[in-house]
Amino acid sequence: MKRLLVLTQLAMTLSLGLAGLTGCGGGSSSTQTPSSPSSITSFTANRTSITDGSPAALTGVFANGTGVITPGNLPANSGVAVTVSPTTTATYTLTVTPTSGTAVTATATITVNPAPTITSFVAIPTTITTGSSATLTGVFANGTGVITPGSLTDTSGVGVTVSPTATTTYTLTVTNASGTAVTATAPLTVAGTVATSVTVDLASSGPAVTDKLLGMNMAVWYDLVSNQTGIVDAFQAAGITQVRWPGGSDSDLYHWATNSECDGGYADANDTFSNFVNDMAVPANLDVALTANYGSNGTCNGGGEPSEAAAWVTAALADGITPSHMTVGNEEYGSWEYDLHSTPNDPTIYAAAVVGTTGYYQSIKTASPNTLVGVDVDADNTTDGWDNTVLANARGSYDFVEYHYYPETPGEESDTFLVQQAAQELTTNINTLRSELTKWGNPGTPIYVGEIGGPYSNPGKQSWSIIQGLYAGQVLGEMMNDGVSRLTWWIGFGNCNGSNGNDSTSLYGWQDFGAYNVFSDGPSDSTCPGAGPIGTMSPTARAFQLFSQMAVNGQTVLTATVAGDTTDVRAYAATNPNGTALLLFNDNETTPQQVMVTLSGKSSSSSVNVTTYDKAIYDLSGSPTGTPPDPAGTSTWAPPITTSMGAQTLPLTLTLTPWSMNVVIIQ
């Protein structure tokens, strides 16, 4: 026991000795010095507000630890920038962790703003005269708009009025909260002296205006039941008031009671006469003109029978409508027309079938006294020709005459001719008909233009371009001035021609298809894939839509005189429930036309409204798939533009854009 105690004391002595040595620096200690704590001096973003898709740099200044930025778990070195590109507003956290001890953090927020966009920026009109004004309108989003020169604050969709004294290109700049900017430009031309004037004589009194110029043909081969909504909606949107049925040369093959045709012709099973009445004529509130079958009887072995025509108008009355017009046959003067009479297409035989107690005229009138009965004419005015023979031999047995007009030969179309001459040549032909009617003692006989188009067959791209639209608009103006009682365009729906016609680069137009129909048949007709959904209006249909503002029953044609550029500027005028209506054309492809409009005896207007369809609108039509000239596919077959000019001093100066038709209503 004693020995053990001695050893214990020795160990304690040794331990104390070592402790003494350590305390004097002679050895190492078992206790370590703690590490310095982590610290963050700063954590900042070089851009605290960015545009979606733009980069920003995050920089942290820190010590005594390893840095990581979240979200993203991005390694960070003190004083070294880290690039980030957030798509939404984000708060980033820098975490600095020491080798031991507690981590420290700091945050930096980056706000992300959507990119600014400009949908459109336009000047209306694009050309003014010195002292006049134009309206600049930008449609944009995600930013603040400023127009220069002038530093004019702009609000999306709200017009800004400018009156420059020299031609100016205006720039719209849209800047978002991050400072990102986009721009668009709109040129505005300031022209000098007005060279052309349009004077309207408010004291004049021309023919009565009729809305029956707003007519379309339809045909028995197009399924009107399945397409009813598209047809009715489109006709009503364009202001169509009347329809001709059953359509063209098929009229002399077609037998209404059986909804069938001779000579292998086709009639859609849905196109019964009752369906025509109930699915189109009545819901669209259309006045109806019928074409009686002169060419064939019910058994397809002889000429047409007046009794069939009489039974047809009787059935119409039973169905609740009174046909306002019935014409005996279709283009019976032409050898192309189906005719099973002993001598086909003979004017003497034709006239003999019209007259007499059992002829077409008396048979139809007996069945429906309020139905006007008409005969075919072709404005030939030759001795012993069709017109002179029929009008003489059938005198007293026709209430009107029906005339068809196709001024172009397929493959020989001319834009210049159609825009600047064709409509005026129609007036020449109407005057020929009047001279023929006067010769045979019927000078006041109404003239019905039953069919009209461009080429007489196989239409190409001209038919759906601004070219035919300008022609159609002038036709309507000419026929109003001429006092024509009725007009039906060939054709509303169901007659696309695809790429079979003249699509030459010598003709203006972006599309590579043509059609007789002026409203799109929609996707059911794959041969016109760029014509848009069913009911889409071609420029020709737009002409009817514009003219519907002028074709108001109870109004009167006024004399409109053009002085100056009478080649490019055309003018038509009429009284209007809202004052005076003008239909103005610029037939020049490239040059705007400044016109001074004078209303006799009137020095001011409380309101002026201008509705325009022009080459620029057509050019932007493009296709819905987004191919040029409308890469985004956003302006497919765009509508006319209406500009309200407010109160104006008269005379009024207007700028007519290139290749444009304009309806001006002056209160």
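Structure's up top.
Quick caveat: nothing in here was measured; it's all calculated off a predicted structure.

What is the right way to look at the packing of aromatic side chains in this model?
When we look at a pair of aromatic rings, we describe it by the centre distance and by the angle of the planes. In total, this model carries 27 aromatic pairs according to the counting rule given. An angle of 20 degrees between the planes, with centres 4.4 Å apart, marks the rings of tryptophan 245 and phenylalanine 276 as stacked. On the criterion of sequence distance, the pair formed by tryptophan 245 in strand E19 (residues 242–245) and phenylalanine 276 in helix H3 (residues 273–281) is long-range, its members being 31 residues apart. Each residue in the set Trp464, Tyr508, Trp510, Phe513, Tyr618, Trp637 and Trp659 is aromatic and connected to the rest through ring pairs, giving one cluster. Positioned over the ring face of tyrosine 448 is arginine 486, at 5.4 Å from the centre of the ring.

Any chance you could explain the side chain of asparagine 497 here in plain terms?
If you trace the backbone, asparagine 497 turns up in strand E28 (residues 496–498). If we skip the residues at most four places from it in the chain, asparagine 497 touches Asn458, Pro459, Gly514, Ala515 and Cys528.

Which parts of the structure should I look at to understand the state of the cysteines?
Should the sulfur atoms of two cysteines be covalently bonded, the bond is a disulfide. A full pass over the atoms with the stated rule returns 2 disulfides. The residue that forms a disulfide with cysteine 262 is cysteine 300, at a sulfur-sulfur distance of 1.9 Å. Across the S-S bond linking cysteine 262 and cysteine 300, the dihedral sits near -85 degrees, which makes this disulfide left-handed. One end of the pair, cysteine 262, is in the loop between strand E21 (260–261) and H3; the other, cysteine 300, is in the loop between strand E22 (287–292) and helix H4 (306–318), and 38 residues separate them in sequence. You can call cysteine 262 buried: its relative accessible area is 1%. Exposure remark for cysteine 300: the relative accessible area of 31% places this residue in the partly exposed category. Linked covalently through their sulfurs, cysteine 496 and cysteine 528 form a disulfide whose S-S length is 1.7 Å. Between cysteine 496 and cysteine 528, the disulfide has an S-S torsion of 85 degrees and is therefore right-handed. Separated by 32 residues along the polypeptide, cysteine 496 in strand E28 and cysteine 528 in the loop between strand E29 (514–515) and helix H11 (539–547) bring together distant segments of the chain. The same class applies to cysteine 496 and to cysteine 528, which are both buried. In the protein, numbering the disulfide-bonded cysteines from first to last in sequence yields the connectivity 1-2, 3-4.

The rules we used
- Residues numbered from 1 in each chain as written.
- Predicted model: local features only at pLDDT ≥ 70, side-chain atom pairs only at ≥ 80, totals over all residues.
- Heavy atoms only, no water.
- Phe/Tyr/Trp six-rings, centres within 6.5 Å; stacked < 30°, edge-to-face > 60°.
- Helix = DSSP H or I, 4+ residues; strand = E, 2+ residues; numbered from the N terminus.
- Lys NZ or Arg CZ within 6 Å of the ring centre and 35° of its normal.
- Contact = heavy atoms within 4.5 Å.
- Disulfide = S-S within 2.5 Å.
- Buried < 20%, exposed > 50% of the residue type's maximum accessible area, 1.4 Å probe, protein only.

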